[in-house]
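Reading the structure
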Amino acid sequence: MKNFSEHQRLWFYRGLTLLVTAVLAHLLAVWAAPRVIMYLLMHGPTAQKMNMHNQAAFPEAVTSESRTVVMPSPDMLYSVCAFDLRAGPVRVRAAPVLAHYWSVALYAANSDNFFVRNDRQTQGRSVDLWLVAPGGDPQQKQPPAGTEVVVSPSSTGFLLMRVLTTDYQAEKAVVEPARRTLQCSRG
Amino acid sequence: MSKTGHWSLRAKRIAIGAALYLGAVVLGLGSAWWVLKNAPWLNPSVEVGPWRANMHAGSQDAGMYTRATVAVNALLALGRDETMYFVATRDDAGHALRAQCSYRITGVPPQARWWSITAYAEDLFLFDAPNGHYSLNGATAVLDAAGAFTLSTGPSEQPGLYWLPTPGQRPLVLTLRLYNPAPALQAAPQSLVAPTVQKIGGCP
């Protein structure tokens, strides 16, 4: 930089600082996007209205009016729960009696899908999970007999139960009770 | 230089500096948004015909960009051992899909326990379909003698074809979902026999 004047050096470093600022803002936004979106999903106005904090909630069947989560599947009926393990484990139970696909999926606070059980895997048995925080249960509670212990990678997260329905109105009497078997409660 | 002039010059420099840094932050945020919205299925991706898939969608192995892209464009996706998602934003000829055009989509049922093809607008929500048809799936598809299904999307119904209405003048996004895909397909997603997407006639 010997051949550059003081003024040119100053502008070079200013430009470099601006470039670094832009790159950092870009990376921070990409890193934060899934976490912010999940936070809004778990704590936003719709979540508040549905009262899904450590308890199951049952959104309306998907239509063109469904605008909470992008790419809603019109072939699925959903049950949801925003779990919070900071005060202790959460027990998740579901026992749909259906001849076709259903699943219970757990998502971490960064949006990763870290656990899923479907009807084929359960082979007619119910899902009974004892969901604990990454560091374990501070109260050292014993998991109830018969539960499957699942360690969440984050202390908050989201549960999505999917129940296949090809014709909701025709199958309502079967699929509604099935999805309402979901229970999500403090352990 | 007078004391007032000195302070005026300093205030001007601070204002310009602040504006430049604000611009840099806006550029960083804007570029992030652009990347996440316009490059929705970044590598590692699979392309089969006009369909693309990111094999790390929903996975804990996803990199920072894949995770963010999925959160913005397909939140709460499942991993590929449970569900595979193929997305088409172009037809077989490589032209961008548009709601005001009609398309014929033909294929054979994929190797999966359950499958569906859904039409979304560019905001990734469903079209307001007057007939209530948002998707064609393994239960609603009627197969011909060759074992193939055909559906149409567009502003008007095509005779004899299952119709997914796409009202309005806006981009169209098709999503092919495969629930519990066959292990062979999970291992080699490019082996998917992809449905063809062909434009019917001209566009208004």
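Every residue gets a number counted from 1 within its own chain, in the order that chain's sequence is written. Following the order in which they are written, the chains are lettered starting with A and the ligands numbered starting with 1. For this predicted model, a pLDDT threshold of at least 70 governs which residues receive local features, and a threshold of 80 or more governs which side-chain atom pairs are given and counted, while totals over whole chains, interfaces and linings are taken from all residues.

Describing the overall build of chain B
Our working definition: Helix and strand definitions follow DSSP, with helices as H or I runs of at least four residues and strands as E runs of at least two, each counted in order from the N terminus. We compute the radius of gyration over the C-alpha atoms and compare it with the globule rule, which gives 2.2 Å times the number of residues raised to the power 0.38. Exposure is read from a count of other C-beta atoms within 10 Å of each residue's own; the residue is exposed at 12 or fewer, buried at 20 or more and partly exposed in between. C-beta atoms are placed from the backbone. We call two residues in contact whenever the C-beta atoms placed from their backbones are within 7 Å.
The helix and strand inventory of chain B stands at 3 helices and 10 strands. Listed by position from the N terminus, the elements making up chain B come as α-β-β-α-β-β-β-β-β-β-β-α-β. The C-alpha atoms of chain B give a radius of gyration of 23 Å, which is well past the 17 Å a tight globule of 204 residues would have. In terms of its C-alpha atoms, chain B occupies a principal-axis envelope of roughly 90 × 40 × 30 Å. Sorting the 204 residues of chain B into buried and exposed places 43% on the buried side. Considering only intrachain contacts with a sequence separation of at least 6, the fraction spanning at least 24 residues in chain B is 69%.

Topic: the sheet that holds strand β4 (residues 113-118) of chain A
Residue and element names in this part refer to chain A. To keep it simple, the criterion reads: Paired strands are those between which DSSP finds at least two bridges. Angles here are taken between N-to-C directions and fall from 0 to 180 degrees, while the axes themselves are lines fitted to C-alpha atoms, restricted in helices to the stretch in contact.
In spatial order, the strands read β1-β7-β3-β4; together these 4 strands make up an open sheet with antiparallel pairing. Looking at the sheet topology across the chains shown, the edges are occupied by β1 (76-84) and β4. Within the sheet, the average angular offset between the axes of one strand and its neighbour, ignoring direction, is 15°.

Describing the nonpolar core
Let me state the cut-off plainly: As used throughout, a nonpolar core is a set of buried Ala, Val, Leu, Ile, Met, Phe, Trp, Tyr and Cys residues joined through C-beta atoms within 7 Å of each other.
With 100 residues, the main nonpolar core has A:Val92, A:Leu159, A:Leu160 and B:Leu174 as its most contacted residues. In terms of residues, this core owes the most to one element, helix α1 (residues 6-43) of chain A, which gives 9 residues. Those residues in contact with B:Leu174, other than ones at most four positions away along the chain, are B:Ala88, B:Leu97, B:Ile117, B:Ala119 and B:Val197.

Some thoughts on the environment of A:Ala25
You can see A:Ala25 is positioned in helix α1. Classification of A:Ala25 by C-beta neighbours within 10 Å gives buried; the count is 20. Spatially, the C-alpha atom of A:Ala25 lies 29 Å from that of A:Ala47, the residues being 22 residues apart in sequence. Setting aside its immediate chain neighbours within four residues, A:Ala25 contacts B:Ala24, B:Val25, B:Gly28 and B:Leu29.

With respect to the sheet that holds strand β10 (residues 196-200) of chain B
All names here are of chain B. Across the sheet, which stays open at both edges, the 4 strands sit in the order β8-β7-β4-β10 with mixed pairing between neighbours. Each of the sheet's edge strands pairs with one partner strand only, and the pair in question is β8 (162-165) and β10. When the angles between neighbouring strand axes are averaged without regard to direction, this sheet yields 25°. As defined by bridge partners, strand β7 (residues 149-154) adjoins β8 across 4 bridges and the pair is classed as parallel. Note on β8: the bridge partner recorded for Thr-153 is Leu-164.

Things to note about helix α4 (residues 168-179) of chain A
Residues and elements named next belong to chain A. For clarity, the cut-off: An expected span of 1.5 Å times one less than the residue number is assigned to each helix. Directions pointing from the helix axis toward each C-beta atom define the arc.
Across its 12 residues, α4 extends only 12 Å between first and last C-alpha, which sits more than 12% below the 16 Å expected from 1.5 Å per residue. Of the residues making up α4, those classed as buried are Val-175, Ala-178 and Arg-179. Seen end-on, α4 carries its buried residues on one side only, within an arc spanning 75°. Turned more than 90 degrees away from the buried face of α4 sit Ala-173 and Pro-177, all of them exposed. Taken together, the buried residues of α4 touch β1, β3 (102-108) and β7 (156-164).

Examining the domain arrangement of chain B
For clarity, the cut-off: Note that the domain bounds were set by an automatic or database domain assignment.
The assigned domain composition of chain B is domain 1 (1-38) and domain 2 (43-200). Taken over C-alpha atoms, the centre of domain 1 of chain B sits 44 Å from the centre of domain 2 of chain B.

Considerations on the packing of α1(A) against helix α2 (residues 64-73) of chain B
The condition that has to hold: Reported orientations rely on four angle classes, namely roughly parallel under 35 degrees, roughly antiparallel over 145, roughly perpendicular from 65 to 115, and oblique for the rest. By definition, any crossing whose near helix is turned counterclockwise from its far helix by less than a right angle is left-handed, and any crossing with a clockwise turn is right-handed.
It is at 8 Å that the axes of α1(A) and α2(B) come closest, and there the two elements cross at 40°. In terms of orientation, α1(A) and α2(B) fall into the oblique class. α1(A) and α2(B) meet at a crossing whose hand is left-handed. Between α1(A) and α2(B), the residues in contact are A:Val30, A:Trp31, A:Ala33, A:Pro34 and A:Ile37 and B:Met64, B:Tyr65, B:Arg67, B:Ala68, B:Ala71 and B:Val72, respectively.

A short note on the pairing of β7(B)
Residue and element names in this part refer to chain B. Counted residue by residue, β7 has 5 buried out of 6 residues, so it is predominantly covered. Inspection of the sheet shows strand β4 (residues 102-107) paired to β7 by 5 bridges, in the antiparallel sense. Bridge pairing links Tyr-103 to Thr-153 in β7.

What to know about unusual backbone geometry
Unusually for a residue other than glycine, A:Ser111 sits at a positive phi of about 90°. Summarising the element assignment, A:Ser111 is placed in the loop between β3 and β4. With 24 C-beta atoms counted inside 10 Å, the residue A:Ser111 sits in the buried group. Look at B:Leu76: it is not a glycine, yet its phi comes out positive at around 70°. Structurally, B:Leu76 is set in the loop between α2 and β3 (83-88). Its 24 C-beta neighbours within 10 Å are what place B:Leu76 among the buried residues.

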